[in-house]
Amino acid sequence: MAYLDDQVLDYLASAAEANAWRDDNRYLLPADTYRTAAMTITALADAVPEDGSAGQVVLYALPAWKLEALWDVLLVLRRTAAGDPDTDVVRELLEDLGGALFTPPRTVQRFTADLEKVVAVLTLDLPAVKVVATAVVLDAERDEAVVEAYRRITTAWTAAGGRH
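So, here is what we can say about the structure in this document. (Residues numbered from 1 in each chain as written. Predicted model: local features only at pLDDT ≥ 70, side-chain atom pairs only at ≥ 80, totals over all residues. Heavy atoms only, no water.)

## Structural notes on the pattern of salt bridges
At step 1: Summed over the entire model, instances satisfying the criterion amount to 12 salt bridges.
At step 2: The residue aspartate 10 makes a salt bridge to arginine 35 at a minimum N-O spacing of 3.6 Å. Of the two residues, aspartate 10 is situated in helix 1 (residues 4-18) and arginine 35 in helix 2 (residues 31-47); the sequence distance between them amounts to 25 residues.
At step 3: For arginine 35, the salt bridge identified is with glutamate 17, shortest N-O distance 3.5 Å. Taken together, the residues span a long stretch of sequence, with arginine 35 in helix 2 and glutamate 17 in helix 1 at a distance of 18 residues. (Salt bridge = Lys/Arg side-chain N within 4 Å of Asp/Glu carboxyl O. Helix = DSSP H or I, 4+ residues; strand = E, 2+ residues; numbered from the N terminus.)

Structure follows, in structure tokens:
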């Protein structure tokens, strides 16, 4: 989902910034919100090991204001995907980006679904997450309870559309 940062959200940030003088709220959020969401996705992508081996656990402390920016952008994308008339400018830009930057073209619905997956994984709040996080932070032995907790997490990630 790293493509969302500089190829989508950063374009939205630039467009919102370029049109800020109009003060007409055409992009629904300030440029800084889109930019924060883009930088957050970049940081998340950089935090995940490139080999993406199964069985790796990455703990990432995400400040609430960054998660809020992701949620705000997700809400705009959901409104856009649903055809809200207040999102026509955002929809046009996303459709143009989806056709120009990607083969095959990506839709507003795809952008929305991909950001939903990111947010779903970041907000995964299962007791199993606490078990695994505690074991990793304390460098504790990975007993059967930790292994089972990890299995529950990866099952939830898969259900949310994430890879593990």
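The discussion continues.
## Comments concerning the packing of helix 2 against helix 3 (residues 64-81)
At step 1: In the contact formed by helix 2 and helix 3, the axes pass within 8 Å of each other and the chain directions differ by 115°. As judged from the angle between their axes, helix 2 and helix 3 are roughly perpendicular. Relative to helix 3, helix 2 is oriented so that their crossing is left-handed. Judged by residue contacts, Thr33, Tyr34, Thr36, Ala37, Thr40 and Ile41 of helix 2 engage Trp65, Lys66, Ala69, Leu70, Asp72, Val73 and Val76 from helix 3.
At step 2: Grouping the constituent residues of the contact of helix 2 with helix 3 by class yields eight nonpolar, three polar and two charged. (Axes fitted to C-alpha atoms, helices over the stretch in contact; angles between N-to-C directions. Parallel < 35°, antiparallel > 145°, perpendicular 65-115°, else oblique. Left-handed = near helix turned anticlockwise from the far one by under 90°. Contact = heavy atoms within 4.5 Å. Nonpolar A, V, L, I, M, F, W, Y, C, P; charged D, E, K, R; others polar.)

## Comments concerning a nonpolar patch on the surface
At step 1: Taken together, the side chains of Leu59, Val137 and Leu138 present a nonpolar region at the surface, about 320 Å² in accessible area.
At step 2: Position of leucine 138 relative to the elements: it lies in the loop between helix 6 (127-137) and helix 7 (144-160). (Patch = residues over 30% accessible without salt bridge, like charges linked within 9 Å, V, L, I, M, F, W, Y side chains within 5 Å. Areas by Shrake-Rupley, 256 points an atom, 1.4 Å probe, with all protein chains shown as cover.)

## Observations regarding the nonpolar core
At step 1: Counting 32 residues, the largest nonpolar core has Tyr34 and Leu115 as its most contacted members.
At step 2: Elements that contribute at least two residues to this core include exactly helix 1, helix 2, helix 3, helix 4 (88-101) and helix 5 (108-122).
At step 3: Here this core gets seven residues from one element, more than from any other, and that element is helix 1.
At step 4: Contacts of tyrosine 34, omitting those with residues within four sequence positions, involve Leu9, Leu12, Ala13, Ala16, Tyr27, Leu29, Val73, Val76 and Val90.
At step 5: Core analysis: the second largest hydrophobic core is formed by nine residues, Ala128, Val146, Tyr150 and Ala156 among them. (Core = buried A, V, L, I, M, F, W, Y, C linked by side-chain atoms within 4.5 Å. Buried < 20%, exposed > 50% of the residue type's maximum accessible area, 1.4 Å probe, protein only.)

## Focus: helix 5
At step 1: Taking 1.5 Å per residue, 15 residues should reach 21 Å; helix 5 reaches 21 Å between its end C-alpha atoms and fits that length.
At step 2: Those residues of helix 5 lying buried are Val108, Phe111, Thr112, Asp114, Leu115, Val118 and Val119. Considered in projection along helix 5, the buried side chains sweep an arc of 165° and stay on one side of the axis.
At step 3: In this structure, the buried side of helix 5 is in contact with helix 1, helix 2, helix 3 and helix 4. (Expected span 1.5 Å × (residues − 1). Arc of directions from axis to C-beta.)

## Considering the side chain of threonine 33
At step 1: Along the polypeptide, threonine 33 turns up in helix 2.
At step 2: Not counting residues up to four positions away in its chain, the partners in contact with threonine 33 are Ala69, Asp72 and Val73.

## Some thoughts on the side chain of asparagine 19
At step 1: Among the structural elements, asparagine 19 can be located in the loop between helix 1 and helix 2.
At step 2: Exposure remark for asparagine 19: the relative accessible area of 15% places this residue in the buried category.
At step 3: A polar contact is formed between the side chain of asparagine 19 and the backbone oxygen of alanine 15, at a distance of 2.9 Å.
At step 4: If we skip the residues at most four places from it in the chain, asparagine 19 touches Arg26 and Tyr27. (Polar contact = N/O pair within 3.5 Å; in protein donor to acceptor, adjacent residues only side chain to side chain.)

Scope: geometric values only; no functional claims are made or implied.
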